[in-house]
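Tertiary structure, described
Below are the chains, spelled out letter by letter.
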Amino acid sequence: SETATPMSCTSAGVAVGAACFAAAAATASMQQGARRRASKVTGHATAVAVDVDTDCINAIRFLAVDAVNKANSGHPGAPMGQAPIGYVLFAEEMKLNPADPQWVDRDRFVLSSGHGCMLQYSLLHLAGYS
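What to know about the packing of helix α2 (residues 52-71) against helix α3 (residues 77-93)
Here α2 crosses α3 at 140°, and the two axes come no closer than 9 Å. Accordingly, the angle class assigned to the pair α2 and α3 is oblique. Crossing angle aside, the handedness with which α2 passes α3 is right-handed. Listed contacts from α3 to D53, C56, I57, I60, R61, A64 and V65 of α2 are P79, M80, A83, P84 and Y87.

Below, the structure is given as structure tokens:
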């Protein structure tokens, strides 16, 4: 039996938003490629298989981007680049329990780059911390 990890329990809106963004980017890429070449295209592959890990990583990235934009301060570069390692740490390696944040044996995540703090905020939000 599979056990749910904190990162696989993201809100439906974030997962849908990440999946919609990926589909929109793929469509825009196809349209831009069609403009570059003059040949006719007779068919497109429209089904896009995106795995759960990619959806989670993209959710982390875009939560961070949205937070930076909402704050009108900061730069999303560090969270965008560090989202995959943050996902692996929080989903597969770290021991944490949002229901008991004072748990003595919990792992701690220390992020020394201040400009990347939106990565930590996104990870904590998706893990269930308020």
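Quick word on the environment of D51
When you line up the elements, D51 lands in the loop between α1 (12-36) and α2. Of the polar contacts made by the side chain of D51, one reaches the side chain of T54; its length is 2.5 Å.

Definitions and cut-offs
- Residues numbered from 1 in each chain as written.
- Predicted model: local features only at pLDDT ≥ 70, side-chain atom pairs only at ≥ 80, totals over all residues.
- Heavy atoms only, no water.
- Axes fitted to C-alpha atoms, helices over the stretch in contact; angles between N-to-C directions.
- Helix = DSSP H or I, 4+ residues; strand = E, 2+ residues; numbered from the N terminus.
- Parallel < 35°, antiparallel > 145°, perpendicular 65-115°, else oblique.
- Left-handed = near helix turned anticlockwise from the far one by under 90°.
- Contact = heavy atoms within 4.5 Å.
- Polar contact = N/O pair within 3.5 Å; in protein donor to acceptor, adjacent residues only side chain to side chain.

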